[in-house]
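So you can see what is in the structure, the chains are spelled out below.
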Amino acid sequence: MKDSTMPGDASPQLDAHDWRILSLLQVDASLSNQALAEAVNLSPATCHRRVQRLTQAGVIEKRVAILSPTKLAAWTGWGLSALVEVSLDVQTHEALDAFEARAVDEPSVQQCWRVSPGPDFVLVIQVADMPAYQDVARRLFNEDARVRNVRAFFGVKRAKFGTAVPLPGAPGTAAGAASR
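Residues numbered from 1 in each chain as written. Predicted model: local features only at pLDDT ≥ 70, side-chain atom pairs only at ≥ 80, totals over all residues. Heavy atoms only, no water.

Draft legend 1. Expanded view of helix 3 (residues 44-56). Under the 1.5 Å per step criterion, the end-to-end length of helix 3 is 18 Å for 13 residues, consistent within 8% with the ideal 18 Å. All of the buried residues in helix 3 are Thr 46, Cys 47, Arg 50, Val 51, Arg 53 and Leu 54. Angularly, the buried residues of helix 3 cover 160° about the axis, an arc narrow enough to put them on a single face. Where the residues of helix 3 are buried, they touch helix 1 (16-27) and helix 2 (33-40). (Helix = DSSP H or I, 4+ residues; strand = E, 2+ residues; numbered from the N terminus. Expected span 1.5 Å × (residues − 1). Buried < 20%, exposed > 50% of the residue type's maximum accessible area, 1.4 Å probe, protein only. Arc of directions from axis to C-beta. Contact = heavy atoms within 4.5 Å.)

Draft legend 2. Structural context of the pattern of salt bridges. This model, assessed by the stated rule, comprises eight salt bridges. Here Asp 18 makes a salt bridge to Arg 50, at a shortest N to O gap of 2.9 Å. Note that Asp 18 is positioned in helix 1 and Arg 50 in helix 3, a separation of 32 residues in sequence. Look at Asp 18 and you get buried, because its relative accessible area is 1%. By relative accessible area, which is 9% here, Arg 50 ends up buried. Between Arg 114 and Glu 100 there is a salt bridge; the shortest N-O distance is 2.9 Å. Of the two residues, Arg 114 is situated in strand 2 (residues 109-114) and Glu 100 in helix 5 (residues 93-105); the sequence distance between them amounts to 14 residues. The exposure class assigned to Glu 100 is partly exposed, which follows from its relative accessible area of 29%. One salt-bridge network, held together by shared partners, links Asp 15, Asp 18, Arg 50 and Arg 53. (Salt bridge = Lys/Arg side-chain N within 4 Å of Asp/Glu carboxyl O.)

Draft legend 3. Layout of the pairing of strand 1 (residues 80-88). Relative to strand 3 (residues 121-127), strand 1 is paired through seven bridges, and the arrangement is antiparallel. Looking at strand 3, one finds that Val 86 is bridged to Phe 121. Where strand 1 and strand 4 (residues 147-154) come together, seven bridges link them in antiparallel fashion. Note that in strand 4 the partner of Leu 83 across the bridge is Phe 153. (Pairing = 2+ DSSP bridges.)

Draft legend 4. Geometry of the side chain of Thr 46. Locating Thr 46 in the fold gives a position in helix 3. There is a polar contact of 3.2 Å between the side chain of Thr 46 and the side chain of Arg 49. (Polar contact = N/O pair within 3.5 Å; in protein donor to acceptor, adjacent residues only side chain to side chain.)

Draft legend 5. Here's a closer look at unusual backbone geometry. Cis geometry marks the peptide bond from Ser 116 to Pro 117, where omega comes out at -10°. Positive phi outside glycine occurs at Asn 41, with the angle close to 60°.

Draft legend 6. Region of the structure containing the sheet that holds strand 4. The sheet built from four strands is open, its strands ordered 2-3-1-4 with antiparallel pairing. Whereas interior strands pair on both sides, the edge strands pair on one side only; in this sheet they are strand 2 and strand 4. The mean angle between the axes of side-by-side strands here comes to 20°, regardless of whether they run parallel or antiparallel. Here helix 6 (residues 130-142) sits on the sheet in contact with strand 1, strand 2, strand 3 and strand 4, set at roughly 145° to strand 3. (Axes fitted to C-alpha atoms, helices over the stretch in contact; angles between N-to-C directions.)

Draft legend 7. Spotlight on the nonpolar core. The biggest cluster of nonpolar side chains holds 20 residues, and the ones touching the most others in it are Val 86, Phe 99, Leu 123, Ile 125, Tyr 133 and Phe 141. Elements represented by at least two residues in this core include exactly strand 1, helix 5, strand 3 and helix 6. Residue contacts for Leu 123: discarding those within four places in its chain leaves Ala 82, Leu 83, Val 84, Val 86, Phe 99, Ala 103, Val 109, Gln 111, Cys 112, Leu 140 and Phe 141. Within the second largest apolar cluster, 13 residues are counted, among which are Ile 21, Leu 25, Val 40 and Val 51. (Core = buried A, V, L, I, M, F, W, Y, C linked by side-chain atoms within 4.5 Å.)

Draft legend 8. Region of the structure containing the packing of aromatic side chains. Taken as a whole, this structure holds two aromatic pairs when the rule is applied. Ring geometry for Phe 99 and Phe 121: centres 4.9 Å apart, planes at 50°, overall tilted. Of this pair, Phe 99 sits in helix 5 while Phe 121 sits in strand 3, and the two are 22 residues apart along the sequence. Both residues of the pair, Phe 99 and Phe 121, count as buried. Ring centres of Tyr 133 and Phe 154 lie 5.1 Å apart, and the angle between their planes is 85°; this geometry places the pair in the edge-to-face category. Note that Tyr 133 is positioned in helix 6 and Phe 154 in strand 4, a separation of 21 residues in sequence. On the accessibility criterion, Tyr 133 (7% relative accessible area) is buried. Here Phe 154 falls in the partly exposed class, since its relative accessible area comes to 33%. (Phe/Tyr/Trp six-rings, centres within 6.5 Å; stacked < 30°, edge-to-face > 60°.)

Here it is, written out as structure tokens:
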């Protein structure tokens, strides 16, 4: 296989096979290399090299199992999801970086987004119950004198949850609709 990186760029150029591999892995990362190779009409060795290249380039960040908090609640008896807006009193790089580092280090924080305009951060937090949320809030928001405002929204129903990134040529995207 030829080197498919652009000169002076660590990002690989992606062809139709790469897009199809990415599309399939987004839906089911548990596909065996053999099944993936068959689905994209490549040899298993070539498919494996492409997946390795996409992983090494950071296009594929990680492969995970996505667990259902709702289904797990049947066994654990608990589960609370919170979406939290956080505004700091100053927006210096140091203050933003310091809060971000603390939020990223907090195990209950599933996602941390630095956003603009509006609040400085939006966090997605998954905890056992309200006392557990209060513990997280104390650590992240109350013990930091730089946190000016916090607005928390608690999940009542998850109507949609996805991790797939729209890809060129994939069903449901403008490029995919144009290529049909």
